[in-house]
Amino acid sequence: MPVWWPLPACAALGLTAGAAYGALAEPEYASTTYLIAVAEKDSEPAATLGFAQAYGRLATSTSTLAYAQGNAGVSTRQLGSRVQTETSPESPMIGITGTAGRPGDAADIANAVADALRLKANGQSENTGVKLVRFSQAVKAPEPVSPSLPLSIAVGTSAGALVGGLILLVRPRRTPAYESPVLPAPASEPATARATTPAPAPTPVTARATAPAPTKATTATTTARAKKPRKKQENQPS
């Protein structure tokens, strides 16, 4: 198999998981209600921004959820996982969102938490100089917010491809077996004949003239000739 097989395999697995989740998971609905902080008489309007931030964090506290669980119809632990709040540093508004498997339950959760927070804040308005007023009430959502089948498929495929890429990065690489090094073959000599120094020609052997060995007669004649002049020299007068 190719070395990159984990990438398409994990992407296909993520696509399948995302499609299964989008098709089989229960739909979830969300509803939102808004509260606004209002300054009372003899109070500075700028103080409402700070109190809105504080009350937004107080909306998900245990005391507020415990007071709202009767109207919401769920326990405090379940209510804490189904409520979200949002605030803005530029406006004294608090948004409270409730989620549930049915649109009516989601609206009831948001309204119950908003009422509990409003009653708690207004009970201290004489000391804080700020009251919470309901700006809008939560209503039933016409469509679920999750899961969305196309979104689930896209998220699953992306997550699977990411996992496959990580597997390719962290897995150990294959090391080839040890092989003895192969030395390169020597370059072949060119076909053209190289210029070579000719070997010296052998010196011809010349026949030396050799005198025949002297015979006894020749030796006697030579001796007589050599002695004859000496006799003439002796007969000449001194």
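Residues numbered from 1 in each chain as written. Predicted model: local features only at pLDDT ≥ 70, side-chain atom pairs only at ≥ 80, totals over all residues. Heavy atoms only, no water.

(A) Here's a closer look at the nonpolar core. With 26 residues, the main nonpolar core has Leu79, Ile96, Val113, Leu117 and Leu132 as its most contacted residues. Residue assignment for this core shows that the elements contributing at least two residues are strand S1 (29-39), helix H2 (47-58), helix H3 (62-72), strand S3 (91-100), helix H5 (103-122) and strand S4 (130-136). In terms of residue count, the dominant contributor to this core is H5 (eight residues). Those residues in contact with Leu117, other than ones at most four positions away along the chain, are Leu35, Tyr55, Leu58, Ala59, Thr64, Ile96 and Leu132. (Core = buried A, V, L, I, M, F, W, Y, C linked by side-chain atoms within 4.5 Å. Buried < 20%, exposed > 50% of the residue type's maximum accessible area, 1.4 Å probe, protein only. Helix = DSSP H or I, 4+ residues; strand = E, 2+ residues; numbered from the N terminus. Contact = heavy atoms within 4.5 Å.)

(B) Summary view of the pairing of S3. Among the ten residues that make up S3, eight are buried, leaving the element largely enclosed by the rest of the structure. Bridge count for S1 against S3 is eight bridges, and the pairing is antiparallel. Bridging from a neighbouring strand, Thr33 pairs with Ile96 of S3. In terms of strand pairing, strand S2 (residues 83-88) meets S3 through six bridges, oriented antiparallel. Along S3, the bridge assignment pairs Thr87 with Ile94. Hairpin connection from S2 to S3: two residues lie between these consecutive antiparallel strands. (Pairing = 2+ DSSP bridges.)

(C) Region of interest: the packing of helix H1 (residues 6-24) against helix H7 (residues 149-170). Where H1 meets H7, the closest approach of the two axes is 7 Å, and the angle between their N-to-C directions is 155°. The pairing of H1 with H7 is recorded here as roughly antiparallel in orientation. Read as a crossing pair, H1 and H7 show a hand that is right-handed. Taken together, the residues of H7 that come into contact with H1 (itself represented by Pro6, Leu7, Cys10, Ala11, Gly14, Leu15, Gly18, Ala19, Tyr21, Gly22 and Ala23) are Leu149, Ser152, Ile153, Gly156, Thr157, Gly160, Ala161, Val163, Gly164, Gly165, Ile167 and Leu168. By residue class, the composition of the contact of H1 with H7 is 14 nonpolar, nine polar and no charged. (Axes fitted to C-alpha atoms, helices over the stretch in contact; angles between N-to-C directions. Parallel < 35°, antiparallel > 145°, perpendicular 65-115°, else oblique. Left-handed = near helix turned anticlockwise from the far one by under 90°. Nonpolar A, V, L, I, M, F, W, Y, C, P; charged D, E, K, R; others polar.)

(D) Focus on the packing of H3 against H5. Contact geometry of H3 with H5 gives a least axis separation of 8 Å together with a crossing angle of 135°. With respect to each other, H3 and H5 are oriented oblique. Every pair of crossing elements has a handedness; the one defined by H3 and H5 is right-handed. Of the residues in H5, those in contact with Ser63, Thr64, Leu65, Tyr67, Ala68, Asn71 and Ala72 of H3 are Asp108, Ile109, Ala112, Val113, Ala116, Leu117, Leu119 and Lys120. Partitioning the contact of H3 with H5 into residue classes produces ten nonpolar, three polar and two charged.

(E) Main features of the sheet that holds S1. Spatial ordering of the open sheet is given by S2-S3-S1-S4, a layout of four strands whose pairing is antiparallel. Lying at the two open borders of the sheet, with one neighbouring strand each, are S2 and S4. Between one strand axis and the next, the sheet turns through 25° on average, direction left out of account. Set on the sheet, H2 makes contact with S1, S2, S3 and S4; between it and S3 the angle comes to about 20°.

(F) Structural context of the pairing of S1. As judged from the six bridges shared by S1 and S4, these two strands associate in the antiparallel manner. Looking at S4, one finds that Val38 is bridged to Lys131.

(G) Spatial organisation of H3. Taken residue by residue, H3 has Thr64, Leu65, Ala68 and Ala72 as its buried positions. All buried residues of H3 lie within an arc of 85° about the axis, which places them on one face of the element. In H3, the exposed positions that point more than 90 degrees away from the buried face belong to Thr62, Tyr67 and Gly70. Its buried side turned inward, H3 meets H2, helix H4 (76-81) and H5. In the segment just after H3, Gly73 is the residue with positive phi, at about 85°. (Arc of directions from axis to C-beta.)

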